[in-house]
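So you can see what is in the structure, the chains are spelled out below.
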Amino acid sequence: MKIMFLIRSLDVGGAERQLVSLARGLQETGHSVSVAVFYSGGKLEVELEDSGVTIHSLEKKGRWDIFGFGKRVVQLLKSQQIDIFHSYLPGANIIAVLAKPLLGKAPVVLAVAASNMDMSCYDRLARFTYWLEARLARFSDLIISNSKSGLLCAVQRGFPEN
């Protein structure tokens, strides 16, 4: 099975560590695994490369690199014949759902890894991103939360209960 993950970066963090562990385990069991990152150069990339996981850099230039970045996402997805598209965290989850029409029958799986976030600590764009992620989540095929607390917070934010 060909599985592609999507995440902002592979800098050290909880969701990033979960992705690396899952990708390595899937690769070791014979699946073809790749990870697409918005920004390359994260410290966890070496662990994936050492395991034979392919890393695709989408070379995002910054927050407002929307059209060029979107074009690179489309090109990557069209060049791959993936069986599962699994994203982590709000920005990647939004892109995964929006890219669903390009994926044929491949399911879109979202990972929700945050809970009890004080959104007043974030700027308007970040708050909008979290709001939009929750509204688009219903168009995914599966949503995985890494904790019961995360699940409850996601539902409170507007994610589907099921």
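Residues numbered from 1 in each chain as written. Predicted model: local features only at pLDDT ≥ 70, side-chain atom pairs only at ≥ 80, totals over all residues. Heavy atoms only, no water.

1. Some details on the packing of aromatic side chains
- The final tally for this structure, using the stated rule, is four aromatic pairs.
- Above the ring of Phe69, the side-chain terminus of Lys60 is found at 5.2 Å from the ring centroid. (Phe/Tyr/Trp six-rings, centres within 6.5 Å; stacked < 30°, edge-to-face > 60°. Lys NZ or Arg CZ within 6 Å of the ring centre and 35° of its normal.)

2. Considering the environment of Ala99
- Topologically, Ala99 is positioned in the loop between α4 (90-98) and β5 (108-112).
- A sequence separation of 43 residues divides Ala99 from Leu142, and the C-alpha atoms of the two residues are 15 Å apart.
- In this structure, Ala99 is in contact with Leu77 and Phe85, ignoring residues within four places of it in sequence. (Helix = DSSP H or I, 4+ residues; strand = E, 2+ residues; numbered from the N terminus. Contact = heavy atoms within 4.5 Å.)

3. Looking at helix α6 (residues 148-157)
- Every buried residue of α6 is listed here: Gly150, Cys153 and Ala154. When α6 is viewed along its axis, its buried side chains cluster within an angular range of 100° and face the same direction. Along α6, the residues that are exposed and aim more than 90 degrees away from the buried face are Lys148 and Gln156.
- Summarising the contacts, the buried residues of α6 are in contact with β5 and β6 (142-145).
- Downstream of α6 by one or two residues, Gly158 has phi in the positive range, about 120°. (Buried < 20%, exposed > 50% of the residue type's maximum accessible area, 1.4 Å probe, protein only. Arc of directions from axis to C-beta.)

4. Focus: unusual backbone geometry
- Of note, Glu59 is a non-glycine position whose phi angle comes to about 50°, a positive value.
- Looking at the secondary structure, you find Glu59 in the loop between β3 (54-57) and α3 (67-79).
- Phi is positive for Leu89, close to 80°, though the residue is something other than glycine.
- With respect to the secondary-structure elements, Leu89 resides in the loop between β4 (84-88) and α4.
- Take Leu89: its relative accessible area is 24%, and that puts it in the partly exposed class.

5. A closer look at the side chain of Glu133
- Along the chain, Glu133 turns up in helix α5 (residues 124-136).
- Only 2.7 Å separates the side chain of Glu133 from the side chain of Asn93, close enough to count as a polar contact.
- Those residues in contact with Glu133 that lie beyond four places of it in its chain are Leu89, Pro90, Asn93, Ile94, Arg157 and Phe159. (Polar contact = N/O pair within 3.5 Å; in protein donor to acceptor, adjacent residues only side chain to side chain.)

6. Structural notes on the pattern of salt bridges
- The tally for this structure, following the rule as stated, stands at six salt bridges.
- Residue Arg17 pairs with Glu47 through a salt bridge whose shortest N-O separation is 2.9 Å. With Arg17 in helix α1 (residues 14-28) and Glu47 in helix α2 (residues 45-50), this residue pair connects regions lying 30 residues apart in the sequence.
- Of the residues examined, Glu47 reaches a relative accessible area of 24% and is grouped as partly exposed.
- Between Asp141 and Lys100 there is a salt bridge, and its shortest N-O distance comes to 3.1 Å. With Asp141 in the loop between α5 and β6 and Lys100 in the loop between α4 and β5, the pair connects residues that are 41 residues apart, well separated along the chain.
- Residue classification places Lys100 among the partly exposed positions, given a relative accessible area of 25%. (Salt bridge = Lys/Arg side-chain N within 4 Å of Asp/Glu carboxyl O.)

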